[in-house]
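# Residue-level structure breakdown
So the chains spell out like this:
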Amino acid sequence: HLVAASTIVAANRDSNLTLILEEGNVICDSRPLNWILKYFNISTPHIRGTDFMRAVLNSNISRNHVFIGSSPENLKKIENLFNHNYPNQKFFSSLSPKFGFNLNEILDYVDTFHEEKNLVYWIALGSPLQDYIASKVFERTQKNTIAIGAAVDFFTGTLREAPKILRNHGWE
């Protein structure tokens, strides 16, 4: 799980979310959170969600990518970015659930891909909801599943990223 401070705060109040985070690999998507964890001698890697996404897409390992969440417009932007910038990767499918969706809709959707190889599910529904959904999708599919959140908005340019100097110093 890529987790920001808000996810940790939510987990502090929700034992189910705490269990989800304890079951998976936790990667800090927040430099200040990473500093706090280091202070308490808790070692966890740090990488911003957008940088993680770019690293996966720039790798030489070809994958099929499924996006769940975000707006239909953003998902179209992602598909165009794949077609123009990431020839080694395949934008496989996407789902922009309607407000008020239920978990079964998403699980029915991912069930349609059970035969596919090299799938990566990117979940962009906002934390902590996306953490619950990512956990259930992984449980159901046993495929790489990443709760990515607002990284999709930064990736598509819908939201501007902070300048690199600010990001590097944890001021984003």
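Rules behind the numbers
- Residues numbered from 1 in each chain as written.
- Predicted model: local features only at pLDDT ≥ 70, side-chain atom pairs only at ≥ 80, totals over all residues.
- Heavy atoms only, no water.
- Buried < 20%, exposed > 50% of the residue type's maximum accessible area, 1.4 Å probe, protein only.
- Helix = DSSP H or I, 4+ residues; strand = E, 2+ residues; numbered from the N terminus.
- Pairing = 2+ DSSP bridges.
- Right-handed = clockwise from strand over helix to strand, strands pointing away.
- pLDDT = per-residue confidence, 0-100.
- Salt bridge = Lys/Arg side-chain N within 4 Å of Asp/Glu carboxyl O.

The subject of this paragraph is the pairing of strand β5 (residues 119-124). Counting buried positions over the 6 residues of β5 gives 6, a clear majority of the element. Across the two faces of β5 the burial is the same, with L119, Y121 and I123 and V120, W122 and A124 all buried. Sheet analysis places strand β3 (residues 64-69) next to β5, joined by 6 bridges and oriented parallel. Bridging across to β5, V66 finds its partner in Y121. The sheet contact formed by β5 and strand β6 (residues 144-147) spans 4 bridges and is parallel. Across the sheet, the residue bridging to W122 is I146, located in β6. In this fold, the crossover linking β5 to β6 by way of helix α7 (residues 129-141) has right-handed handedness.

With that settled, the discussion passes to the confidence of the model for the chain. Across the chain, pLDDT averages 86, with 87% of residues at or above 70. When pLDDT is averaged over each helix and strand of the chain, the minimum, 60, is found for strand β2 (residues 27-28) and the maximum, 96, for β3.

Attention now goes to the pattern of salt bridges. Under the criterion given, the structure shown has 5 salt bridges. A salt bridge links K76 to E79, with the nearest nitrogen and oxygen atoms 3.6 Å apart. Of this pair, K76 and E79 both sit in helix α5 (residues 72-85), 3 residues apart, roughly one helical turn. Of the residues examined, K76 reaches a relative accessible area of 45% and is grouped as partly exposed. The closest approach of N and O atoms between E139 and K136, which form a salt bridge, is 3.9 Å. Pair noted here: E139 and K136 are both in helix α7, with a separation of 3 residues, about one helical turn.

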